[in-house]
Each structure stands twice: as C-alpha cells, then as structure tokens.
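# Secondary and tertiary structure notes
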Amino acid sequence: MRNKLILVLMVLISFFLQCTLMKGIAIGGISPNLLVILCISAGLMMGKTCGLFIGFFTGLLVDLFYGYYPGTNAALYMYLGFISGFFYQIYYDDDIKLPILLATAGDFLYNFLIFALLFLLQGNTDFFFYLRRVILPEMIYTLVLTALVYRLYYKIIHRFMRVKFKDSDSLWFVK
Amino acid sequence: MKKKRNIRMKSKHMIILMTILCISMAAGAFATGISGDSARTVVGYVIVPFEQGINTIGNWLLSVQDNFQNVKKLAEENATLKTQVEELTVQNNELTQNQKDLTRLRELYNLDQEYSQYPKIMAEVIAKDPGNWYHTFTIDKGRDDGVNVNSNVLAGAGLVGIVTEVGSNWAAVRSIIDDDSNVSAQISETEDPCIVTGNLELIDSGKVEFSQLQSPEGKVSIGDRVVTSHISDRFVKGLLIGYISEIKQDSNNLTYNGYLVPAADFQHLQKVLVITDLKENPREEDQNAQ
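Source: prediction; values computed, not measured.

Secondary structure summary: chain A contains 7 helices and 0 strands in total. Secondary structure elements in chain A, listed N-terminal to C-terminal, are α-α-α-α-α-α-α. The C-alpha radius of gyration of chain A comes to 16 Å, within 12% of the 16 Å expected for a compact globule of 175 residues. In terms of principal-axis extent, the alpha carbons of chain A reach across some 50 × 30 × 30 Å. Within chain A, the fraction of its 175 residues that count as buried is 50%. Put simply, 71% of the contacts in chain A that link residues at least 6 apart link residues at least 24 apart.

In structure tokens:
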C-alpha cells in the first residue's frame, strides 16, 4: 500500500512539476520532458509491467487535462515504460549511461510519434523544421535533465520502497 | 494477508490489453464527444492546489526580485494598476468597436444597438501543456466561477484563446497561437471576413497566420486591426486579435493571406480575463437541452 502511494505521488508530482517548473525553465519555448524520464526510470527500475502502468497513468493525466483524445498520450507513455522494461535485467544500478541513452531515445520516439500522429496528419509536412526547432532541442534538454533527475528517482524508489521487483509484477501486486 | 491471486498476467498480455483500452478510449471519445469528465474533476482537486502552490512560490520569487530595493508597496500598487489598465484597454477596444458599430447601425437601420458589456472574471495562469507541441495552459478558475467550455479568454489588449476543458476549479485554455486553433475573424475597418490560424512554425516570430481574406484590392493594408467576427459560433464579436504585419495575394487572385502580430503578449501570460458569457448559439442550446 505504502509503495503504491509513493508511486502515485511520484506520478502526480512529476506531472505538476512538468506543467509548472519545467515550463518555467523553458529555453526558447522548449522545455525538457520530465514525464519521459519518469516512465523510462520506472521501466528500468521496476520492470515492464510496472513501467507500463506508470506510463499509462502519466499519459492519462496529460490527456485528461490538456484536451488530447484520451488514450493518445496514455498509449505513448505506456509503450515508453514498457520498452524500457526490457532493459530491466541487463541494467546496473550505478550506471547512468543507459538511462540517459534510453530517455533521449524515448523522448525522440515520443515526439516523433506526436508529430506523425497529430501534426503530419493535419498536413504539416515540414518534418525537418520541427526536428530542428522542437524535437532536437527537447532531446538535448531532456538528456541534461536525466543526468540530474535520474539519481533522485533512483533514490526515491530504492530508499522508500523496500521491495524487490520481479519483471512480471504489476502495480496491483505491489503491497 | 490476502491470498495471492492465481491469475498472473504476463506483461505482453498486459500491454496488448492496455493498448486495446487506449484505442477504445480514443475511439469512444471521438464517437461520443464525452471524455472522462468525472475523472477529470476528481484529479483536478488533487493537482490544482499543488499547481497553485508552485505558482505562488514562483510569483513570490519574482516579487522578491522586484522588492530588491524595498518597494513592496509600489509593486503591489503597480500590480493592481496593471490589472486595471488591462481591463480598461479591453474596455477601450470594445468601446472603439462599439462606437463604429453604433454609427454604422444608426446609418443603416436607424437603430441604436449596444453591445452588452461582457461580464469578465480574472484568472491566473497556473500551468502549461507538458509537451512542446501545443500552446495550451491551465487557469485557476473553473465551472464554479462561471467558466465554461468555449468561454473566450483575453489578456492585456487582445484575445488569448478559448476554454477547451473545464473542471470545477480549473480550466484548460487553447491559445490562438496553438497549431490547432482557428478563429473566424474580420478586418475591423472593412469588415471583410478571414480565418486566423495558429502555426507552430511561427514559434520564433510569435505571429499567427490569416487566410481566405476576401477583400477588394487595396482596401486592406498593413497595420489594420483584426477582430473576432460576428459569424463565429464560439467567439463573441469584436475582440481584438491583432494587427496585420504582412499580406500577400493567393494564387487564385481572389483571396489574401498573411501574418498578424497578436495583440496579447504570449511570452508573459500571467493574468487573463475570462468572458463568462458564451456566444449565443442555437446549436449549443440544443446540446444543453439534451
């Protein structure tokens, strides 16, 4: 129960930090994406199923509050968490290179899909403009933020949640 | 302790199940137009106070900067005056528009019709869209304060956007520079209709596009005021959108397109005014009646 509560709090706090603080430190209108980092971290530290659920609820919050079709962001973040869960077994605790690599790749994937699903289909075909002006800056900014924030997530999860996650564990089995 | 459940889903089954859930949610919302209103209200109660808190801290930090030379009083006074100036500017714009309309209507119909003064409430911007693709933001006033979906939002001198989602104590506003935004507009002087569209590709210049302007040649020029049109079904009439900065003829030689400089300052949005009156619209009344 306590662990679940901590996960819920992590999702909520990350969400409102993303909507306030991250927007406050935006450079040139581009802010880093803390939610991608959260989903990637969850998948890496707690396995596929847990990453999947964290991603789903994070995305659902975004969908509900900002007028996307419910399910779009939920599905995107869910897959980020799920895919990073594949690296759960081969990941070392003190290694920060893999999380950074995954978060950067995940951010690119997320933005590329948003572009493909929501922008390209509306006839905005100038992909390279968006790549240069939105996707790449956000990737770089997220990369830097991962280096700073990942350890924090790591500490929260490992300090407050004394539980050894199995890959097959879903959130519902976390006590 | 509760007995462990026997059914243990594998993660790959789970992801397939959840994907289907996501798709059906999107399809359901698309088909019915309903999207988790109760969930939104509940989560709103949890998140909005935090956002307001963070916003208060941010504002406090800003004011600490301001108070560097112990001018707290002045800053406070300044804030109230600024609010007043914003309201007065909006009022003034309306009055200018009113005056022109009044003259025209008197001329045409020998009638004197007046705009109702739109009732407005002040709201604070407390959060923004988490991604970088859309220009949507959250304000700290909601259904309880009289804000509704399709309420128009103003700041400073001009139109900022329209409410797209509303909870009991918050509302999401899509700004006119958002890529999904379309506003039915008209040139203030000539009353020629056009469409004002946001475009993310103009992120650096901060402008918005207009298109499908039908106007006799030479009538419309750079610097002309563009306001919301009377044929719009969501925007109340006569709100200032911006000024024309660039105009070119379309290849069909009939219509014009170009760019506007928005009257509102989107870089420094802190306080906005929400018009609590909706544009009267029979279709909406039908929907409400159902």
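Summing up its helical and strand segments, chain B has 4 helices and 12 strands in all. Counting the 290 residues in chain B, one finds 32% classified as buried. Considering only residue pairs separated by 6 or more positions, chain B has 57% of its internal contacts joining residues 24 or more positions apart.

Residue and element names in this part refer to chain B. A barrel is described by the order of its strands in space; here 6 strands give the closed sequence 1-2-5-4-3-12, paired in antiparallel fashion. Averaged over all pairs of adjacent strands, the angle between their axes in this sheet comes to 45°, without regard to strand direction. Examined bridge by bridge, strand 3 (residues 152-155) and strand 12 (residues 271-275) share 2 bridges and lie antiparallel to one another. Counted as the bridge partner of leucine 154 is leucine 273 from strand 12.

What follows is about the interface of chain A and chain B. Listed as interface residues are 41 residues of chain A and, on the opposing side, 41 residues of chain B. Listed by contribution, the elements that provide at least two residues to the side of chain A that touches chain B are helix 1 (2-19), helix 2 (21-24), helix 4 (48-66), helix 5 (72-85) and helix 7 (127-160) of chain A. Among the elements that line the side of chain A that touches chain B, the one with the most residues is helix 4 of chain A, at 9 residues.

Right, let's talk about the pairing of strand 10 (residues 240-249) of chain B for a bit. Residues and elements named next belong to chain B. Where strand 9 (residues 225-228) meets strand 10, 3 bridges bridge the pair, whose relative direction is antiparallel. Opposite valine 227, over in strand 10, you have leucine 240 as the bridge partner. Bridge count for strand 10 against strand 11 (residues 255-262) is 7 bridges, and the pairing is antiparallel. Each residue of the ladder has a partner; that of glycine 242, found in strand 11, is proline 262. Linkage of strand 10 to strand 11, two consecutive antiparallel strands, is achieved through a turn of 5 residues, within which asparagine 253 is found at a positive phi near 65°.

On to the packing of helix 1 of chain A against helix 4 of chain A, then. All names here are of chain A. Direction vectors running N to C along helix 1 and helix 4 enclose 40°, while the axes themselves pass 10 Å from each other. Considering the angle they form, helix 1 stands oblique to helix 4. Crossing handedness for the pair helix 1 and helix 4: right-handed. Between helix 1 and helix 4, the residues in contact are Leu7, Val11 and Phe15 and Ile54, Phe57, Thr58 and Leu61, respectively.

Let us now look at the pairing of strand 12 of chain B. All names here are of chain B. Of all 5 residues that make up strand 12, 4 are buried, and the element is covered over most of its length. As judged from the 5 bridges shared by strand 1 (residues 120-128) and strand 12, these two strands associate in the antiparallel manner. Bridged to isoleucine 121 within strand 12 is valine 274.

Attention shifts here to helix 7 of chain A. For helix 7 of chain A, spanning 34 residues, the distance from its first C-alpha to its last is only 43 Å, which falls clearly below the expected 50 Å at 1.5 Å a residue. The largest bend in helix 7 of chain A is about 40°, located at A:Ala147.

What follows is about the environment of B:Pro193. Residues and elements named next belong to chain B. Checked against the element boundaries, proline 193 lands in strand 7 (residues 193-197). By the C-beta count within 10 Å, which is 17 here, proline 193 ends up partly exposed. It is 9.4 Å that separates the C-alpha atoms of proline 193 and valine 226, two residues lying 33 residues apart in sequence. Contact partners of proline 193, with chain neighbours within four places excluded, come to Gln186, Gln214, Ser229 and Ile231.

Within the largest apolar cluster, 112 residues are counted, with the highest numbers of intra-cluster contacts made by B:Leu154, B:Val160, B:Val196, B:Ile241 and B:Val272. Ranked by residues supplied to this core, first place goes to helix 4 of chain A with 12 residues. Those residues in contact with B:Leu154 that sit more than four places away from it in its chain are B:Val90, B:Leu159, B:Val160, B:Leu239, B:Val272, B:Leu273 and B:Ile275.

Here we take up the environment of B:Gly53. Relative to the elements of secondary structure, B:Gly53 occurs in helix 2 (residues 37-66). Spatially, the C-alpha atoms of B:Gly53 and B:Gln267 are 21 Å apart, while their sequence positions differ by 214 residues.

Let's shift gears to helix 4 of chain A. Residues and elements named next belong to chain A. The first and last C-alpha atoms of helix 4 sit 27 Å apart over 19 residues, in line with the 27 Å expected at 1.5 Å per residue. Helix 4 sits mainly inside the fold: 19 of its 19 residues count as buried. Just beyond helix 4, the residue with positive phi is glycine 67, at close to 70°.

A few words now on the sheet that holds strand 11 of chain B. Residue and element names in this part refer to chain B. Pairing within the closed barrel is antiparallel, and its 6 strands lie in the order 6-7-8-11-10-9. Sheet twist, expressed as the mean angle between neighbouring strand axes with direction ignored, is 40°. Across 5 bridges, the pairing between strand 8 (residues 208-214) and strand 11 is antiparallel. Bridged to glutamine 214 within strand 11 is threonine 255.

Analysis parameters
Residues numbered from 1 in each chain as written. Chains lettered and ligands numbered in written order. Predicted model: local features only at pLDDT ≥ 70, side-chain atom pairs only at ≥ 80, totals over all residues. Helix = DSSP H or I, 4+ residues; strand = E, 2+ residues; numbered from the N terminus. Rg over C-alpha atoms; globule rule 2.2 N^0.38 Å. Buried ≥ 20, exposed ≤ 12 C-beta atoms within 10 Å, placed from the backbone. Contact = placed C-beta atoms within 7 Å. Pairing = 2+ DSSP bridges. Axes fitted to C-alpha atoms, helices over the stretch in contact; angles between N-to-C directions. Parallel < 35°, antiparallel > 145°, perpendicular 65-115°, else oblique. Left-handed = near helix turned anticlockwise from the far one by under 90°. Expected span 1.5 Å × (residues − 1). Bend = angle between axes of the 7 residues up to and from the residue. Core = buried A, V, L, I, M, F, W, Y, C linked by C-beta atoms within 7 Å.

In short, geometric facts, not functional conclusions.
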